[in-house]
Structure formats: C-alpha cells, structure tokens
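Coordinates in review
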Amino acid sequence: MSTVRGGAPLDGLFGLRRDLAEGLSGLRDAMVAALGPIVVNLVLAADQVRRAEPVILTDPGGETVPDLSDLAEAALQGRDVHVPGAMALPLIRADGGILGALVVAGAGAGSPDAVRGYVPLATRLLDGALTNLRAAAALRLLRERNRDLQAKANTDHLTGLRNALCFEKRTEGRLRSRKVRQALIIVDLDGFKRINDVFGHQFGNRYLRCVADALARTVPADTVLGRIGGDEFAICVTLREDGPQEVRDLMSRCRNAVMQNASLFGKPGLGRVSMGASLFPDHGEDYATLFELADAALYASKRLRRGTSTVFDPAIHQRFDSQAVMGSFDRALEEGRIVPWFQPIIDLRTRETTHLEVLARWIDTQGAVHSPLDFQAVLTDYRMAERLTRQVLGRALEMRGAGEMPEGVALSVNLTPMDLANPEFVFDFCAMLRAHGQTWEGLVFEVTENTVLASERDQSFRTLTELRQRGAKVALDDFGTGFGALSHLAVWPIDILKIDRHFVDGLDANPRSRAIIRMILQMAGELGYEVIAEGIESEAQRDVLLELGCRMGQGYLFQQPDAVAKPVPQGCIVPLPAEAPRRNLAARS
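Residues numbered from 1 in each chain as written. Predicted model: local features only at pLDDT ≥ 70, side-chain atom pairs only at ≥ 80, totals over all residues. Heavy atoms only, no water.

Structural notes on unusual backbone geometry
Cis geometry is found at the peptide bond from Phe 280 to Pro 281, where omega equals 5°. Here Pro 281 lies in the loop between strand S10 (273-280) and helix H9 (287-304). A positive phi angle, close to 65°, is found at Arg 351, a residue other than glycine. Of note, Arg 351 is situated in the loop between strand S12 (338-347) and strand S13 (353-363). (Helix = DSSP H or I, 4+ residues; strand = E, 2+ residues; numbered from the N terminus.)

Dropping the structure here:
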C-alpha cells in the first residue's frame, strides 16, 4: 500500500486537504475518547481513484497503524476482519460498492461492536474526501482544457505566433500601459500567391513557418509578434533610441533574416518582403490609427518598389490613401480627365513606328499628369478598372477613327486582370469598335506575365483566346520577371513577347543580360513569336539588340509617352531628360 502523510500529494491529484485532515483527527479523537488508546487509519479502495493499489490516509496528528495489509485487503473484499489488537471493517457506499476500509490497532480494537459504531462516520468522511478529490480533479482538468483552448484561440496554428485577434489585444494593452515609444510594423510577403501557385500550398506553409522563425529570432525578446493574415505578419516593438532610424534598422535586420532563411530552400523568388511602420505616439495613440498608418506605409512600399520598407509619412499617405485616390479618380473619370497617352514601338532597323502603346494618364485639377503608379488602388477595384479601360480605350478608338493616328500603325492596349476576368469584355469591346467605326485589325492586347499562371479553364484564358479568334494579337508584357512557367508559352494564346526593361538596362556592359535576351529571341523564333524590347535608352543598347536579332523596341531613346498619337520621325533621336530617366521608368504603364 501507499501511505500519504500530512497532506503530501496523492499521485499529483490529491493531498490531505485541511477539511479531511481535521475530519481524520476528529474521528481519531472520538474513538480514543470512547475506546482508549487506538491508532486509526482510513484506506481508500484503489478503483475509487484509478490506482494500482489502495491508498492509506493517515491522520497527520496520529500514527500509522502497523502493517496490516492482509486485514485491509480482506476488508476491501467486504469482510469484517479482526485479530488480537487490530481489526479492519469495510466501508460500503449506499449503492453497495466498497468505498474503502476502517483500520484500527491498539487496546481499543478489542471492542469490535464499539468500533463498528464509527463505520458510518468513517464512511461519510471518506465519501466526502472522494467527492472533493473528484471535484478537484474535474476542476483542474477544466482549467487545463480552458488554458489549452485559450492558447489555441490566441495562436496561429501554422506558425505558432499570435493570431490577428491576440496580436491586436496584446498591442492595445501595451499601448495603454506603456508610456514609452512604440513602433507598429506590418510585414508582407511579396508574390506569395504566385509562390503558392508555382510551388504548391504545402511548400507555401513551410515558407510561412520559415518567415515566422526568421522574424522571431530577430526581434527583441519583449516584442509582440503575430501573423495577422495569409501572407502578413505584424510586430509591436518598444523603441529605446531614435525612433524612425531604430525602426528602419530593425526592418532591415528582419529583411536580411528572412532572405537568409528563405535561401535554404534553393528556389527563386523567395525571401522578398515589403514593410510599413508607424510610431506611437508620434503618428497615433490607439491601435486602429497606428495600424491604418502602418498599412498606408506598407502600401507605399509595395507601390514605390517591392521589397522596401517605409516609415509612415503624411505626404506618402496622401498619395497612397486608397479611399482618397478612389474618390478623386472617380471625379476625374466623370470630368474626362482620365486620358490615353501614347508611346511608339518602332522597327529598330528603320526607326519606323509599327505600334502605338496606349497608356492611361490622370490629369489632376492642377494640370499635373499622373501615371498608374499613383492610382494602383484603382486597378484592384473591378468597377473602377472597368471604367478606366472603357474611358481610355474609348477615347483612343475615337482618335483613331477621327484620323488622329498615323495610318497603318497598330494600337497596343494594356488590359487589367479585371478586364480579362470579365466574361462580357469581348462583347463590350465589340460594341466600342462598332461605335467608333473600327475593326479588330491592327489591335494588340498586352497582359502581364503573371496572367498566364491561371488555369486554362480560367476566364482569362477564354477571353484572350476569343480576342485572337477575332483577329487581335496578344502580347506578354514584362517577360522574364514574373513566375510564369515556360510551359505556358506552348499553350496560352500569345503572339508577342515584350522583354522587360531590366534585361535591356546595362545590356551593352552586362554579358548575362545579353545571354538571356539571346535565349529569349531564339526561343521566340522557334515558337513563332514576335519580340519587342522595352526600356531602350541608348544607341549602344539599340545596336546590341539589333546584333542579337531583335527587330522591335520602345523606350526614351525614341520617344517618351505623349498625349499626341504621333510616330517617331525616321532618323530622329529624342534627347533624354537631364535627370536620370530611370527614376520615372515605373510610371511607363
């Protein structure tokens, strides 16, 4: 048997509580007073507490009876047992089950009938102790389950970080309780959807855990860190020195840690993150405000150049506040201030204009011209994107029908993902052509490389197929920079590849860029595609492209985007601006 003395735990489940200890002492005192010197113990049956052996409960103030195991075991079988100087009596529950045994030793044990008189009291005492035991165990189990549920409710199951709700609550509590400066940082994984599409969701989950581990190892120990969305993480950190620069340094370390972790996968396109941050109390004193401003800074990072970090700045916020942009853009549409501009695509040998690419421009109320870089939010809203396309293309077709464009020059049009996903787009465009007396001849529709990641059963595929069937051509824009697999080129309805400007930039001095372009040209020739090189800025680049076999191109060397649809005069080279043009390259489309 196992002996529990003085309140020591019973296998971690039960100890002699004060009420049980007092009950045992009272029972012993009563029996000693009535029967003379006697040692009293209670034995709890093993099946009552799911133990291998019965448990002896000893009065802390008394003594343990001599080893009377045989007597106790017999009593636990329902028999009264007594020998000279000792006896054991079963304690039976109301339902007839054996609860335990009363074991006594000493001179008083020689009066069996007198000892039996205390059996009801011992039974009630033991039954009460068992009830308390079970209640305590149930309460303990309930508390453990509650802790587990709370942990699950507050934890992101994939990464083990705090989830969005827990992060918000912990950050709110920190902002209320701490008067020191804090920073709220939002981290967004660039291109995560494409990574999922290319490598699969299981790999995507591993990648998310990799990023979470990198961030957790980089931020200070007292930082609140959580995953707040599919590909977004958030950090609330105490600032100890100069606010903005300390935040920039931390974001830089986080970026480096993510890149280092991601490099272990040995796959392209991993490890790039964009970040935005706001400061407490500089930018706001509550979570909602700080989150909104950090999100605005993140939006600015992604629009200015992915893979960068931005600390909130009011001027940037005004530029990238999506609600403000949408409102102003809506008014500009109604007032006809969303207009087409044009940039020629030329034959590199003859400098003859072969196409005019249609580019959307927003003329604000002060007369300033804005490129899509300034209204990216519009392109993610299907209603606004549809209105943008209708207005810009409608005006371009109107100019073409009115003879404001050179004869025999194709019109190259950029389509948004919203246009391609619209099953009515082709029919709507047909109506626009009829309204302006135009045909499908000489039309090129440009789509980004990421478009071809969709399934062949996707509406985008059906839209492009129907456009080609009606006589238009399809150009794959910015080729070589996205996640499009080469296998898609054999299936998707494509006629033209547009080599991204990143390969053209520095072409005359970079052998690797030259090799990549040579490979693209060779592949395009065998697949029957035309090729256009983008971003040509120097005669040296033009010469190398011609040497490699590229026949068409566009860029600032020939002409910048203009409101007038005019060809490049043959033999004419447009001087570049005094400032380095690369600063404006992102505004091309």
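Quick word on the nonpolar core
Core analysis: the largest hydrophobic core is formed by 66 residues, its most contacted members being Phe 429, Trp 440 and Phe 445. In terms of residue count, the dominant contributor to this core is helix H13 (residues 382-401) (seven residues). Contact partners of Trp 440, with chain neighbours within four places excluded, come to Val 426, Phe 429, Cys 430, Leu 433, Phe 445, Leu 467, Arg 470, Gly 471 and Ala 472. Residues Leu 158, Leu 189, Ala 212 and Val 219 belong to the second largest nonpolar core, which totals 34 residues. (Core = buried A, V, L, I, M, F, W, Y, C linked by side-chain atoms within 4.5 Å. Buried < 20%, exposed > 50% of the residue type's maximum accessible area, 1.4 Å probe, protein only. Contact = heavy atoms within 4.5 Å.)

Describing helix H8 (residues 243-263)
Its 21 residues place the ends of H8 30 Å apart at the C-alpha level, agreeing with the 30 Å of an ideal helix rising 1.5 Å per residue. Listed in full, the buried residues belonging to H8 are Gly 243, Glu 246, Val 247, Leu 250, Met 251, Cys 254, Arg 255, Ala 257, Val 258, Asn 261 and Ala 262. On its buried face, H8 is in contact with strand S7 (182-189), helix H7 (201-218), strand S9 (232-238), S10 and strand S11 (309-311). (Expected span 1.5 Å × (residues − 1).)

Some words on the sheet that holds S11
Strands sit in the order S8-S9-S7-S10-S11 across an open sheet of five strands; the sheet is mixed. The outermost strands of the open sheet, each flanked by one partner alone, are strand S8 (224-227) and S11. If you compare each strand with its neighbour and ignore which way they point, the axes differ by 15° on average. Where S7 lies against S9, seven bridges are found, and the strand directions are antiparallel. (Pairing = 2+ DSSP bridges. Axes fitted to C-alpha atoms, helices over the stretch in contact; angles between N-to-C directions.)

Considerations on the environment of Pro 120
Note on placement: Pro 120 falls in helix H4 (residues 119-154). You can call Pro 120 partly exposed: its relative accessible area is 45%. Between the C-alpha atom of Pro 120 and that of Arg 93, which follows or precedes it by 27 residues, the distance is 9.8 Å.

A few points about the packing of aromatic side chains
Per the stated rule, a full pass over the model turns up 15 aromatic pairs. Here the aromatic rings of Phe 425 and Phe 445 are separated by 6.5 Å at their centres, their planes lie at 85°, and the arrangement is edge-to-face. Here Phe 425, found in helix H15 (residues 425-435), pairs with Phe 445, found in strand S16 (residues 443-448); they are 20 residues apart in sequence, far enough to count as distant. Judged by relative accessible area, which is 7%, Phe 425 ranks as buried. Residue classification places Phe 445 among the buried residues on the basis of a relative accessible area of 0%. Taking the centre distance of 5.4 Å and the plane angle of 50° together, the rings of Phe 429 and Trp 440 count as tilted. Placement of the pair is Phe 429 in helix H15 and Trp 440 in the loop between H15 and S16, with a sequence separation of eleven residues. A single burial state applies to Phe 429 and to Trp 440, both of which are buried. Here the guanidinium or amino end of Lys 267 rests over the ring plane of Phe 203, the centre of that ring lying 5.5 Å away. (Phe/Tyr/Trp six-rings, centres within 6.5 Å; stacked < 30°, edge-to-face > 60°. Lys NZ or Arg CZ within 6 Å of the ring centre and 35° of its normal.)

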